[in-house]
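Residues per chain are reported as follows:
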Amino acid sequence: MNSKISLYTLVIILVTISACNRDGADTSNLSNIVSEGASLVKVTEGYEFDTAGSPLYMNGDLYFTNNNFDSPGELSRTFRMNPDGSIDTLKSGNNVTTTLKASGDGTIYACEMLGHRVVELDQNGQVLNVIADEYDGARIDGPNDLVVDQKGGLYFSDSQFIAGKQTMQPVPSVYYVSAEGELTRVIDDVEFPNGLGLSPDGGTLYVANTPGTQILAYDVAEDGTVSNGRDFAAVELAEDSETSGADGMAVDSEGNLFVATTQGLGVQVFNSSGEHLGNIEVPTPSNNVSFGGPDGKTLYISAQDGIYKIAVNKEG
């Protein structure tokens, strides 16, 4: 059923970019990415979330999800915010859709975590095709995040986070789906592969290992397979925490990496060499980021209490 929810007054929260972050690192370079005094704007004010999924800006609309692991068939929903601020409910019972990404062909790729599949949607949220739902004769477990490459393929992570259901695959993994539809397991030794990103030239795949402390990097071969896994960036840890809580990621046109973290340190920003530039503070734990807006210079952030946005200097 299609329903409308009026957009409430935008709440504007000033983002303070300090000269030093909590571990003492210089963050002055962050002002080249997010201008000092830029405003973080909550675009879903008045709407209550369980867990907000990855936002997608496409053709002037903002797609996002609300996910409830206790009631995935009722309370997990996919929405579209129209340019006038009204919100359409595209689907109730979305199988806990954690990620929405543009396919490049006018459709949307989505990870259905508790649907155990990656699907292609039309712009009204209806399933057109199943991209991946099994590997080596067994159901995939909990697809979490995905990133589309420049060759028409995509990578997706399966962290096996499936609300206590039986796992069917031997290990958490990252998979590659080629443009021809061939599915390959490319990473099988990361404890909890979560957010994914690609460098602007497509030559490096970034992987967030949520319980770890590092963002990982891999060299990408022509056939989509990866090699040379290594530590790329040390995620700043919250006080008394031993895990990063690194979740969704986005990469801008200059190779800067934006990492949403669930431990209360907002979105952490790293340059293309893995150096920590600073954090974009968010009022509640953040779990995903993406670029959008007419010029690609708006960073959308999904947080525990809704979707935020902030203007940045580089397009994504």
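One can find the structure itself at the top, above this paragraph.
Residues numbered from 1 in each chain as written. Predicted model: local features only at pLDDT ≥ 70, side-chain atom pairs only at ≥ 80, totals over all residues. Heavy atoms only, no water.

A.B. asks: I tried to follow the overall build of the chain on my own but got confused; where do I start?
C.D. replies: Counting its secondary structure elements, the chain contains zero helices and 28 strands. The globule rule puts the C-alpha radius of gyration for 316 residues at 20 Å, and the 18 Å found for the chain is close to it. Restricting the contact set of the chain to residue pairs at least 6 apart, pairs at least 24 apart contribute 46%. On the chain, roughly 13,100 Å² of surface is accessible, and the fraction owed to carbon and sulfur atoms is 44%. Separation between the mean location of the 16 positive side-chain charges and that of the 44 negative ones in the chain comes to 6 Å. (Helix = DSSP H or I, 4+ residues; strand = E, 2+ residues; numbered from the N terminus. Rg over C-alpha atoms; globule rule 2.2 N^0.38 Å. Contact = heavy atoms within 4.5 Å. Areas by Shrake-Rupley, 256 points an atom, 1.4 Å probe, with all protein chains shown as cover. Lys, Arg positive; Asp, Glu negative; His and termini not counted. Charge placed at Lys NZ, Arg CZ, Asp CG, Glu CD.)

A.B. asks: Before we go on, may I ask you to explain the sheet that holds strand E25 (residues 276-280) in this structure?
C.D. replies: Where strands meet in a sheet, backbone hydrogen bonds hold them as pairs that are either parallel or antiparallel. The strand order across the open sheet built from four strands is E22-E23-E24-E25, with neighbouring strands paired in antiparallel fashion. Edge strands, defined here as strands with exactly one partner in the open sheet, are strand E22 (246-251) and E25. Strand-to-strand twist across the sheet, computed as the mean angle between neighbouring axes with direction ignored, equals 25°. Two strands pair when backbone bridges link them, and strand E24 (residues 267-270) and E25 are joined in this way by four bridges, in the antiparallel orientation. Looking at E25, one finds that Val267 is bridged to Ile280. (Pairing = 2+ DSSP bridges. Axes fitted to C-alpha atoms, helices over the stretch in contact; angles between N-to-C directions.)

A.B. asks: I keep staring at empty space enclosed by the protein and nothing clicks. Help me out?
C.D. replies: The method is simple in principle: a probe with the dimensions of a water molecule rolls over the atoms, and the space it marks as empty is what remains. In the structure shown here, the tally under the stated rule is two cavities of 30 Å³ or more. In this structure, the largest cavity occupies an estimated 50 Å³ of space. Lining the largest cavity, in full, are Thr78, Lys91, Thr97, Glu112, Leu121 and Gly125. (1 Å grid on protein atoms, 1.4 Å probe; cavity = no way out; pocket = protein on both sides within 12 Å on 5 of 7 lines; lining within 4 Å. Points joined across faces, edges and corners; volume = space filled by probe spheres on them.)

A.B. asks: Help me understand the pattern of salt bridges, please; the structure alone is not making it clear to me.
C.D. replies: One side chain can pair with another of opposite charge once the charged atoms of both are near each other. For the structure shown, the criterion picks out seven salt bridges. Two residues, Arg139 and Asp141, come together in a salt bridge whose shortest N-O distance is 3.0 Å. Residue class for Arg139 comes out partly exposed when judged on its relative accessible area of 26%. Asp141 gets classed as buried once you look at its relative accessible area, which sits at 0%. We note a salt bridge from Arg230 to Asp219, for which the minimum N-O separation is 3.2 Å. On the criterion of sequence distance, the pair formed by Arg230 in strand E21 (residues 226-234) and Asp219 in strand E20 (residues 214-220) is long-range, its members being 11 residues apart. When its relative accessible area of 31% is taken as the criterion, Arg230 is described as partly exposed. (Salt bridge = Lys/Arg side-chain N within 4 Å of Asp/Glu carboxyl O. Buried < 20%, exposed > 50% of the residue type's maximum accessible area, 1.4 Å probe, protein only.)

A.B. asks: How should the pairing of strand E7 (residues 87-92) be read in this particular structure?
C.D. replies: In regular strands, side chains alternate between the two faces of the sheet. Judged from the five bridges that link them, strand E6 (residues 77-81) and E7 form a sheet pairing that is antiparallel. Residue pairing for E7: Thr78 is matched across the bridge by Lys91. Where E6 hands over to E7, the hairpin turn is made up of five residues, of which Gly85 adopts a positive phi near 95°.

A.B. asks: How should I be thinking about the packing of aromatic side chains in this particular structure?
C.D. replies: Any two aromatic rings considered together are summarised by their centre-to-centre distance and by the angle between their planes. Tallied over the full model, the rule gives eight aromatic pairs. Relative to Phe291, the ring of Phe258 lies with its centre 5.3 Å away and its plane at 90°, an arrangement referred to as edge-to-face. Of this pair, Phe258 sits in strand E23 (residues 257-261) while Phe291 sits in strand E26 (residues 286-292), placing them 33 residues apart in sequence. (Phe/Tyr/Trp six-rings, centres within 6.5 Å; stacked < 30°, edge-to-face > 60°.)

A.B. asks: It is not clear to me how the nonpolar core should be interpreted in this structure. Could you clarify?
C.D. replies: Taken as a class, soluble globular proteins show a tendency for nonpolar side chains to be buried jointly. Formed by 21 residues in total, the largest nonpolar core has its most connected members in Phe258, Ile280, Val289, Leu299, Ile301 and Ile310. Those elements giving two or more residues to this core turn out to be E23, E24, E25, E26, strand E27 (298-303) and strand E28 (306-311). Looking at this core, the element that brings in the most residues is E27, giving three residues. If sequence neighbours within four positions are ignored, Ile301 has contacts with Leu40, Pro55, Val267, Val282, Ser286, Asn288, Val289, Gly306, Ile307 and Tyr308. The next biggest cluster of nonpolar side chains, apart from the first, holds 14 residues, and it includes Val186, Ile187, Val190 and Leu196. (Core = buried A, V, L, I, M, F, W, Y, C linked by side-chain atoms within 4.5 Å.)

A.B. asks: I'm lost on the layout of surface pockets in this one. Help?
C.D. replies: Considered as a void within the structure, the largest pocket measures approximately 770 Å³ in volume. Taken together, 37 residues form the lining of the largest pocket, with Lys101, Val147, Val148, Val251 and Gly316 sitting closest to its centre. Broken down by secondary-structure element, the contributors of at least two residues to the lining of the largest pocket are strand E4 (56-58), strand E8 (97-102), strand E14 (143-148), strand E18 (193-198), E22 and E26. Top element by residues in the lining of the largest pocket is E26. It accounts for four residues. Taken together, the residues of the lining of the largest pocket break down into 19 nonpolar, 12 polar and six charged. For the second largest pocket, the calculated volume is near 330 Å³. Contributing to the lining of the second largest pocket are 20 residues, with Thr51, Met113, Asn144, Asn194 and Asp247 lying nearest its centre. (Nonpolar A, V, L, I, M, F, W, Y, C, P; charged D, E, K, R; others polar.)

A.B. asks: Would you explain the side chain of Thr284 in this entry?
C.D. replies: If you trace the backbone, Thr284 turns up in the loop between E25 and E26. At 3.3 Å, the side chain of Thr284 and the backbone nitrogen of Gln304 are in polar contact. Once residues lying within four places of it in the same chain are set aside, the contact partners of Thr284 are Ala303, Gln304 and Asp305. (Polar contact = N/O pair within 3.5 Å; in protein donor to acceptor, adjacent residues only side chain to side chain.)

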